[in-house]
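# Tertiary structure, described
Each chain, letter by letter, is given below.
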Amino acid sequence: MRSTLFYIPHEFLGMPVFGFGWVLAIWAVVAIALLAQSVRRYGWTRDLLSQIVVALLVGAFIAFLLPQLAEKEGLPIRGYGTMLLLATIAAVGLALWRAPERGLNADLVFSLTLWVFLVGIAGARLFYVIEYWDRIRVVDGSGNLLWFRTFVNAINLTQGGLVVYGSIFGGIVAIIVFARRTGLPLLGLMDFVAPSFMLGLALGRLGCFLNGCCFGAVCDLPWAVRFPAGSLPHVHQVEKGIAFIHGVKLAPEDPPRIAAVEPASAAESSGIRPGDRILAVDEIPTATRSAAQGALMAAHTKGSQLCLAIAGRTQPVCFAISPPTSLPVHPTQIYSAINAFLICLFLLAFERFRQHDGQVVAMMFTVYPLTRFLLEILRDDEPWVIAGQNLGLTIAQTISLVLLAGAVILWLYIFRTKPGRWQAAAPSA
């Protein structure tokens with residue numbers, strides 16, 4: 001896991017990097033150059049207005065919102081965001097390589113990419129915000145929602161938080177609109193996009209691994225991985241009461257008590273016993289379980305020794321500690337990356353045998369939901385919801401079944417049409 005790769009400093013040569021600074025100036029030059037090139041090659045087309053709107057939105061993001069994402073050290077460059085960028089580049093590269101066989105030019109591919117990427121990312125983030133609203137929203141001491149800080153959290157993609165199925169639905173909407181604007185066949189366009197989507201997903205899942213999200217359940221396999229203290233898997237396991245924090249587990253109720261002590265640990269050697277009530281952690285009073293858990297989780301950042309004030313003892317109990325880790329879990333992010341890459345290769349091979357437009361995307365909507373349904377069994381990060389009587393499914397599994405039903409309908413529609421494949425030259429952008 002490597003959530004943060006490096007930081008970009010706030011200033012360079014005495015000028016701000018973010019806000020009204022270097023990044024905005026560079027973007028202005030790039031945007032003007034791209035718009036000028038588009039006007040020179042195609043004139044004042046309908047697409048030019050959408051390009052201007054996108055350029056202004058990106059400029060507003062750089063000027064007003066990017067500074068809000070910066071930290072004390074600077075703007076963090078996250079592993080997740082970097083892999084998302086590489087995923088986009090790889091997906092576009094694959095589309096450009098395959099474009100000539102469809103009669104598509106590079107400009108139209110880039111225009112399609114812009115539509116699918118922006119709307120797809122918006123759909124993926126919107127789905128995440130709805131599903132994990134409690135993680136996104138920020139409230140004050142009175143419980144009132146702080147709208148601006150919540151909005152900043154909602155658009156902060158650098159730390160992860162994209163739902164694949166949200167990107168699929170958003171991408172479908174973008175392709176429908178793009179097909180109507182350009183006159184290209186909808187199903188043929190979806191066939192064209194499908195392999196690129198799966199390649200991008202494969203690289204994006206590696207970003208999930210760097211970020212620590214989308215993690216698996218506890219296992220004892222040789223290739224199981226452990227995530228560091230404070231990571232999503234570690235926090236999740238501690239909250240569920242299955243992982244030790246510095247050799248102790250807390251009982252679920254208040255006031256904070258020791259539920260279990262790890263055998264042969266420094267905590268056990270120091271005399272900590274199940275049932276002990278914690279009054280303070282490193283001299284920080286802990287009246288509630290959540291306060292004790294937070295103090296224990298942060299203890300390794302303050303030193304190599306932990307001291308617990310225990311009820312009934314005159315002196316704190318101190319013992320040596322080291323940064324804890326999660327229990328070993330399935331590297332489901334790697335499983336998912338391999339799965340998506342293999343589906344990408346399969347779709348590229350299957351495409352050569354298609355007889356109807358829509359068969360490639362129908363195959364993707366058949367294979368991916370099946371594999372995703374199975375992978376969800378190994379994951380431990382999503383809440384379980386009831387989807388039918390006495391049938392517990394994750395949200396992703398529920399949507400997988402819906403997509404499978406949609407795939408069946410799409411297959412029936414395809415085979416009721418005459419064989420035909422889109423190969424004619426496309427109109428210019």
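Everything below is about the structure shown above.
Anyway, here's the lowdown on the structure attached to this text.

Calculation rules
Residues numbered from 1 in each chain as written. Predicted model: local features only at pLDDT ≥ 70, side-chain atom pairs only at ≥ 80, totals over all residues. Heavy atoms only, no water. Helix = DSSP H or I, 4+ residues; strand = E, 2+ residues; numbered from the N terminus. Buried < 20%, exposed > 50% of the residue type's maximum accessible area, 1.4 Å probe, protein only. Contact = heavy atoms within 4.5 Å. 1 Å grid on protein atoms, 1.4 Å probe; cavity = no way out; pocket = protein on both sides within 12 Å on 5 of 7 lines; lining within 4 Å. Points joined across faces, edges and corners; volume = space filled by probe spheres on them. Nonpolar A, V, L, I, M, F, W, Y, C, P; charged D, E, K, R; others polar. Salt bridge = Lys/Arg side-chain N within 4 Å of Asp/Glu carboxyl O. Pairing = 2+ DSSP bridges. Phe/Tyr/Trp six-rings, centres within 6.5 Å; stacked < 30°, edge-to-face > 60°. Lys NZ or Arg CZ within 6 Å of the ring centre and 35° of its normal. Patch = residues over 30% accessible without salt bridge, like charges linked within 9 Å, V, L, I, M, F, W, Y side chains within 5 Å. Areas by Shrake-Rupley, 256 points an atom, 1.4 Å probe, with all protein chains shown as cover.

### Some details on the side chain of Asn339
- With respect to the helices and strands, the residue Asn339 is situated in helix H12 (residues 332-351).
- The class for Asn339 is buried, based on a relative accessible area of 14%.
- Filtering out sequence-adjacent residues up to four positions away, Asn339 remains in contact with Tyr368, Thr371 and Leu375.

### A few points about empty space enclosed by the protein
- Enumeration over the complete set of coordinates arrives at 2 cavities of 30 Å³ or more.
- Its volume calculated, the largest cavity comes out at about 750 Å³.
- Along the wall of the largest cavity there are 39 residues; nearest its centre are Val116, Ser167, Ser196, Phe197 and Gly200.
- Of all the secondary structure elements, the ones that give two or more residues to the lining of the largest cavity are helix H3 (79-98), helix H4 (106-131), helix H7 (164-182), helix H8 (186-211) and helix H13 (359-378).
- It is H8 that contributes the most residues to the lining of the largest cavity, 12 residues altogether.
- For the lining of the largest cavity, the class distribution of residues is 29 nonpolar, 9 polar and 1 charged.
- Its volume calculated, the second largest cavity comes out at about 40 Å³.
- For the second largest cavity, the full set of lining residues is Val238, Gly241, Ala243, Ile245, Val248, Lys249, Leu250, Arg289 and Gln293.
- Of all the elements in the fold, those that place two or more residues in the lining of the second largest cavity are strand E5 (248-250) and helix H11 (289-298).
- Counting residues per element, the lining of the second largest cavity draws most heavily on E5, which supplies 3 residues.
- Here the residues of the lining of the second largest cavity are counted per class, giving 5 nonpolar, 2 polar and 2 charged.

### Quick look at H11
- Within H11, the full set of buried residues consists of Arg289, Ala292, Gln293, Ala295, Leu296 and Met297.
- Summarising the contacts, the buried residues of H11 are in contact with helix H9 (232-240), E5, strand E7 (278-281) and strand E9 (305-310).

### Focus on the pattern of salt bridges
- Enumeration over the complete set of coordinates arrives at 7 salt bridges.
- Between Arg78 and Glu71 there is a salt bridge, with its nearest N and O atoms 2.6 Å apart.
- Overall, Glu71 belongs to the partly exposed group, its relative accessible area being 28%.
- The salt bridge partner of Asp380 is Lys240, with a shortest N-O separation of 3.4 Å. Placement of Asp380 in the loop between H13 and strand E11 (384-386) and of Lys240 in helix H9 is noted, with a sequence separation of 140 residues between them.
- You can call Asp380 buried: its relative accessible area is 17%.
- The structure contains a network of salt bridges with shared partners spanning Arg98, Arg102 and Glu351.

### A word on the pairing of E7
- Pairing analysis gives 3 bridges linking E7 to E9, with the strands arranged antiparallel. The residue of E9 that forms the bridge with Val281 is Leu308.
- Examined bridge by bridge, E7 and strand E8 (residues 284-285) share 2 bridges and lie antiparallel to one another. Paired with Val281 across the bridge in E8 is Ile284.
- Hairpin connection, E7 to E8: the antiparallel pair is bridged by 2 residues, and Asp282 has positive phi, about 50°.

### Description of the packing of aromatic side chains
- Inspection of every chain in the model, using the stated rule, returns 6 aromatic pairs.
- Taking the centre distance of 5.9 Å and the plane angle of 75° together, the rings of Tyr165 and Tyr368 count as edge-to-face. Pair noted here: Tyr165 is in helix H7 and Tyr368 is in helix H13, with a separation of 203 residues, a long-range link. The pair Tyr165 / Tyr368 is uniform in exposure class, with both members buried.
- In this structure, Lys249 packs its charged tip against the face of Phe244, placed 4.6 Å from the ring centre.

### Quick look at a nonpolar patch on the surface
- A cluster of nonpolar side chains, contributed by Phe12, Leu13, Trp22, Ile26, Val30 and Leu34, occupies part of the molecular surface with about 600 Å² of accessible area.
- Per-element tally for the nonpolar patch: the top contributor is helix H1 (residues 22-42), with 4 residues.
- Structurally, Val30 can be placed in helix H1.
- Given the relative accessible area of 37%, Val30 is considered partly exposed.

### Quick look at the environment of Ala260
- With respect to the helices and strands, Ala260 occurs in strand E6 (residues 258-261).
- You can call Ala260 partly exposed: its relative accessible area is 23%.
- Aside from chain neighbours lying at most four places away, what touches Ala260 is Phe244, Gly247, Val248, Lys249 and Pro274.

Worth remembering: the numbers are spatial, not functional.
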